[in-house]
Structures are given as C-alpha cells and as structure tokens.
Amino acid sequence: MKSIYILLTRSNTVVSRMVSLTTADKYTHVSISFEKNLTPLYSFARRFIHTPLPAGLRPEYLDQGFFKKHPRIPCALYELVVEDEIYYNCKHAVENMMLDADKYKFNIWGLLLCRLSIPSKRKNHYFCSEFVSKVLLDNNAVPLPKVPSLMRPNDYTKLPDLNCLYEGRVRKLAQIVQPI
C-alpha cells in the first residue's frame with residue numbers, strides 16, 4: 001500500500017477571498033503529492049507569486065514561491081492510502097502531464113461554472129480541484145461525490161477515505177515534513 005497526499009490551503013489573495021466569501025468554504029486551493037515530504041506538490045496554480053494569472057499546471061513547494069511568501073496561511077494535509085498500482089498510475093498520469101505542462105491552461109470558465117453547480121469540460125483546461133479530482137477518479141483512487149468539474153477543495157474534507165494528518169499553518173507543516 002502507498003499514500004497519496006492531498007494538501008488543502010486558503011490564502012488571503014483576492015481570488016481566494018472571493019471564493020471563500022461566495023462559498024463559505026474553509027479551503028480554496030488543493031494540491032497533490034506522491035511523496036511523504038510533499039516535494040513536489042502539483043496543482044493548477046499561479047505562475048508568478050504576485051499575480052493570479054497566468055496560471056497553469058505547476059509544481060509547488062512549501063519552502064519556495066507562494067507558500068514561502070505566505071507561510072501563515074491555514075492548511076490541512078490529508079492522506080489517501082491506495083494499492084500500489086493505483087498510486088503508480090496516478091503518479092504516472094501527473095508526471096506525463098508535467099512533461100507537456102505548457103499545453104495545460106487554467107480553467108477560469110470552469111471555476112465560475114463550478115460555483116454555479118454547472119458541470120463543464122474543456123480539453124486541457126483545469127482548475128486546482130478539478131485537476132486533482134480527475135487524476136484520482138481516472139485512476140480509481142477514490143470514489144467522488146461529484147464530477148471533477150464540480151469538486152471544490154473543501155469537498156476533500158468530507159471524503160471518508162481520506163485521513164487528516166495535519167491541520168494548521170503552512171510554515172509549521174513545512175517544518176514537520178522537511179526531515180522526512
């Protein structure tokens with residue numbers, strides 16, 4: 001058995017505040033990792049620290065970039081234990097996407113439609129929770145209560161197959177996982 005890690009965060013950016021205000025969700029961003037030390041995390045996120053766009057498929061690191069600049073943001077780390085084959089299939093799917101990361105775009109329309117509870121699908125376009133959900137669903141890692149385009153980061157807190165390992169600030173999480 002292997003573990004897939006799901007990191008939920010909520011920053012104080014304009015986009016995150018808007019999502020949080022309109023949904024009342026505790027978390028507004030989700031990333032996935034296949035390593036216990038969370039290096040790297042993968043998500044659809046901003047390319048530059050100071051601007052929300054452009055955004056796309058990116059590796060994220062707790063001790064660099066956005067998370068380093070905003071170490072006090074709240075987060076929750078969840079673990080999903082899966083069969084080895086499912087783990088490797090999910091990891092391989094993400095690694096293959098990373099090989100062509102430039103062809104994947106941030107799904108702004110999908111994010112808006114998600115808030116309106118309207119399912120959507122755009123080729124090579126994802127927002128963070130849509131991406132993580134698609135990887136997990138396509139590889140039979142966990143049953144989801146919604147289609148990927150309707151999954152929000154907060155929905156992961158309600159999945160019974162996920163175990164919460166940590167809840168607190170990103171800075172403390174970075175200190176905890178570094179020695180691993």
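Structure's up top.
Figured I'd write up the structure that's included with this text.

The rules behind these values
- Residues numbered from 1 in each chain as written.
- Predicted model: local features only at pLDDT ≥ 70, side-chain atom pairs only at ≥ 80, totals over all residues.
- Heavy atoms only, no water.
- Helix = DSSP H or I, 4+ residues; strand = E, 2+ residues; numbered from the N terminus.
- Buried < 20%, exposed > 50% of the residue type's maximum accessible area, 1.4 Å probe, protein only.
- Contact = heavy atoms within 4.5 Å.
- Areas by Shrake-Rupley, 256 points an atom, 1.4 Å probe, with all protein chains shown as cover.
- Polar contact = N/O pair within 3.5 Å; in protein donor to acceptor, adjacent residues only side chain to side chain.
- Axes fitted to C-alpha atoms, helices over the stretch in contact; angles between N-to-C directions.
- Parallel < 35°, antiparallel > 145°, perpendicular 65-115°, else oblique.
- Left-handed = near helix turned anticlockwise from the far one by under 90°.
- Nonpolar A, V, L, I, M, F, W, Y, C, P; charged D, E, K, R; others polar.
- Salt bridge = Lys/Arg side-chain N within 4 Å of Asp/Glu carboxyl O.
- Disulfide = S-S within 2.5 Å.

What follows is about the overall build of the protein. Helix and strand content of the protein: six helices and eight strands. Each helix and strand of the protein, ordered N terminal to C terminal, gives the series β-α-β-β-β-α-β-α-β-α-β-α-β-α. For the protein, buried positions account for 49% of its 180 residues. Of the contacts made within the protein by residues no fewer than 6 positions apart, 63% connect residues no fewer than 24 positions apart. Carbon together with sulfur atoms contributes 55% to the accessible area of the protein, which is approximately 9,400 Å² in total.

So, about the environment of Lys 26. Within the secondary structure layout, Lys 26 lies in the loop between helix H1 (14–23) and strand S2 (29–33). Taking the relative accessible area as the measure of exposure, Lys 26 reaches 43% and is therefore partly exposed. Through-space distance from the C-alpha of Lys 26 to that of Ala 76 is 10.0 Å; in sequence the pair is 50 residues apart. Of the polar contacts made by the side chain of Lys 26, one reaches the side chain of Glu 167; its length is 2.6 Å.

Now for the packing of helix H3 (residues 84–99) against helix H5 (residues 128–138). Running from N to C, H3 and H5 cross one another at 135 degrees; their axes reach a closest spacing of 9 Å. Judged by the inter-axis angle, H3 sits oblique to H5. Where H3 crosses over H5, the handedness of that crossing is right-handed. The segment H3 lies against H5, with Cys 90, Val 94 and Met 97 engaging Phe 131, Val 135 and Leu 136. Considered class by class, the residues forming the contact of H3 with H5 number six nonpolar, no polar and no charged.

Once that is clear, we can look at the pattern of salt bridges. Tallied over the full model, the rule gives four salt bridges. Here Glu 167 ties to Lys 26 by a salt bridge, and the two come within 2.6 Å at their closest N and O atoms. Of the two residues, Glu 167 is situated in strand S8 (residues 162–169) and Lys 26 in the loop between H1 and S2; the sequence distance between them amounts to 141 residues. For Glu 167, a relative accessible area of 45% puts it in the partly exposed group.

Between Thr 39 and the following residue, Pro 40, the backbone shows a cis peptide bond with an omega angle of -5 degrees. With a phi angle near 60 degrees, Ser 117 is a residue other than glycine that sits in the positive phi range. When you line up the elements, Ser 117 lands in the loop between helix H4 (108–115) and strand S7 (125–126). With phi around 55 degrees, Asn 140 is a residue other than glycine that occupies positive phi space. Its place among the elements puts Asn 140 in the loop between H5 and S8.

Counted under the stated rule, the structure contains zero disulfides. Cys 114 takes part in no disulfide bond, and the closest cysteine sulfur, belonging to Cys 128, lies 9.3 Å away. Of the cysteine sulfurs around Cys 164, a residue in no disulfide, the closest is that of Cys 75, at 9.1 Å.

For H5, the tally of buried residues reaches eight of 11 residues, placing the bulk of the element in the interior. Of all the positions in H5, only Cys 128, Ser 129, Glu 130, Phe 131, Val 132, Ser 133, Val 135 and Leu 136 are classed as buried.

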